[in-house]
Protein chains: 2
Amino acid sequence: MNNGQIMKRVAVFASGRGTNLQALIEATKKGEIPAKIVLVITDREDAQALRRAAQNFIKAFYLSPEGLTREEYDTLLLRFLQDNQIDLIALAGFMRILSPVLIRAYPNKILNIHPSLLPAFPGLHAQRQALEYGVKVTGCTVHLVDEEVDHGPIVIQRTVPVYDTDTEETLSARILEQEHIAYPEALKLLAEDRLIVQGRRVFIRDAGTT
Amino acid sequence: MNNGQIMKRVAVFASGRGTNLQALIEATKKGEIPAKIVLVITDREDAQALRRAAQNFIKAFYLSPEGLTREEYDTLLLRFLQDNQIDLIALAGFMRILSPVLIRAYPNKILNIHPSLLPAFPGLHAQRQALEYGVKVTGCTVHLVDEEVDHGPIVIQRTVPVYDTDTEETLSARILEQEHIAYPEALKLLAEDRLIVQGRRVFIRDAGTT
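Keep in mind it's a predicted model, so treat the numbers as computed, not measured.

Colleague: So what exactly am I meant to see when it comes to the packing of aromatic side chains here?
Modeller: What describes a pair of aromatic rings is the distance from one ring centre to the other and the angle between the planes of the rings. Residues and elements named next belong to chain B. Evaluation of the coordinates by the stated rule reveals six aromatic pairs over all chains. With 4.0 Å between their ring centres and 25 degrees between their planes, Phe-61 and Phe-80 make a pair best called stacked. With a gap of 19 residues between them, Phe-61 in strand E3 (residues 59-62) and Phe-80 in helix H3 (residues 70-83) connect regions that are remote in the sequence. Assessed through its relative accessible area of 22%, Phe-80 is described here as partly exposed. The ring of Tyr-73 carries Arg-96 above its face, with NZ or CZ at 3.8 Å from the centroid.

Colleague: Is there a simple way to think about the sheet that holds strand E7 (residues 154-161) of chain A in this case?
Modeller: Sheets are built from strands that pair by backbone hydrogen bonding, the pairs being arranged parallel or antiparallel. All names here are of chain A. If you trace the seven strands from one edge of the open sheet to the other, you get E3-E2-E1-E4-E5-E6-E7, paired in mixed fashion. Sheet topology places strand E3 (59-62) and E7 at the edges, where each strand pairs with a single neighbour. On average, each strand axis in the sheet is tilted by 20 degrees relative to the strand beside it, whichever way the strands run. Inspection of the sheet shows strand E6 (residues 137-144) paired to E7 by seven bridges, in the antiparallel sense. Along E7, the bridge assignment pairs Thr-141 with Gln-157. Strand contacts of helix H6 (residues 168-191): strand E1 (8-14), strand E2 (35-42), strand E4 (88-92), strand E5 (110-114), E6 and E7, with the helix running at about 155 degrees to E7, the strand carrying the most contacts.

Colleague: Explanation requested: the relation of the copies chain A and chain B in the structure shown.
Modeller: Each of the two chain copies goes to the other by way of a rotation about an axis and a shift along it. Between chain A and chain B, which share one sequence, the superposing operator has a rotation angle of 180 degrees and an axial displacement of 0.0 Å; the RMSD is 0.0 Å. Read as a symmetry element, the transformation amounts to a two-fold axis. Measuring from the rotation axis to each C-alpha of chain A, the shortest distance belongs to A:Ala120, at 2.7 Å. A symmetric contact is evident, with 100% of the interface residues of chain A recurring at the interface of chain B.

Colleague: Quick question: what am I supposed to make of the sheet that holds strand E6 (residues 137-144) of chain B here?
Modeller: All names here are of chain B. Ordered in space as E3-E2-E1-E4-E5-E6-E7, the seven strands form an open sheet in which the pairing is mixed. Among the strands making up the open sheet, the edge pair consists of E3 and strand E7 (154-161). Neighbour-to-neighbour, the strand axes of this sheet turn through a mean angle of 20 degrees, independent of strand direction. The sheet contact formed by strand E1 (residues 8-14) and strand E4 (residues 88-92) spans five bridges and is parallel. From the neighbouring strand, Ala-11 faces E4, where its bridge partner is Ile-89. This element, helix H1 (residues 19-29), spans E1, strand E2 (35-42), E4 and strand E5 (110-114) of the sheet and lies at about 160 degrees to E2.

Calculation notes
Residues numbered from 1 in each chain as written. Chains lettered and ligands numbered in written order. Predicted model: local features only at pLDDT ≥ 70, side-chain atom pairs only at ≥ 80, totals over all residues. Heavy atoms only, no water. Phe/Tyr/Trp six-rings, centres within 6.5 Å; stacked < 30°, edge-to-face > 60°. Helix = DSSP H or I, 4+ residues; strand = E, 2+ residues; numbered from the N terminus. Buried < 20%, exposed > 50% of the residue type's maximum accessible area, 1.4 Å probe, protein only. Lys NZ or Arg CZ within 6 Å of the ring centre and 35° of its normal. Pairing = 2+ DSSP bridges. Axes fitted to C-alpha atoms, helices over the stretch in contact; angles between N-to-C directions. Contact = heavy atoms within 4.5 Å. Least-squares fit on C-alpha atoms with pLDDT ≥ 70 in both.

Structure below.
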């Protein structure tokens, strides 16, 4: 369903298990998103994301942050991105805060996913924060990345209930299911150039009936 | 469906239109909640809540806050409550912050409803805050009242979507529909003594299958 649209070239940054990377790989392979994941970047040598990339014949780089400032690291990343003609970036459990070097080079072109309904529970261990606060509903948020952490304009949010019997693990698993739906949806909208960002609000072009 | 349970005597505090008061009146009249609204208190002489109380033959007081400290005001209120053997309190758009005088006299016996998914968007104009932040999901929260504003342990949360076309009015109306479902549900749980408060978490006794 490419409809003559240009395929966007996407880089995914990941530090951990890479299940969101996997969800994005599978979604883009189906051909419903005018985007192709052509590069995976990680800051951790042992990230499972490297193996997932290899299994899917996607070029992957491990770039060690050792001895580099954040700006130096991001300047190197930016060179990789430019060498590979990257249009869009998806952060998938990438455990580094991006510097303005990258964010200004890709304005409203970088997505992040966070396991809470932002602005509630930003930062680490969002699921644990939600349990400890005692909310009855939580979820996940896909947002465009700006220069503040877990802060940029929101593209999609999906909710899950919190049960009395929940542990951090059961709640995280329930949220993850929704992440794997929300992230491909958001990448599709971004790749189709359908996001209209006005201040903090993100409107969807040609959203059809809601 | 009283099942031999003692009917809890409820006071509702309201300052405005009193639509949540109306929802609670209707729900308790159906006989599904072991509670009876026997007192309505307002701090505004022109509150529609007074008319709703009269129409339903519920005793109502207007207590002017003029010239009184918060503690003096609440001490007077407490006397009304005790004179009327009030067991539970429901805040329904009551535009005053309760002092410890009342909160300590009714520990975990006071409910409040707020038009957002707390901890997001506490305080005034929660719906406008949500629109301006650009969230895609918001809702309402019924919580027990503690000594911080919009902060106590959460009993029920219900969600609504935010649409691109929403204004503060349309979003507020969509949330209000959910408030009118959530508030009677929460009062029922409280009146049935089914809330187990552990720190910030509220568990439901005999919740059945979730």
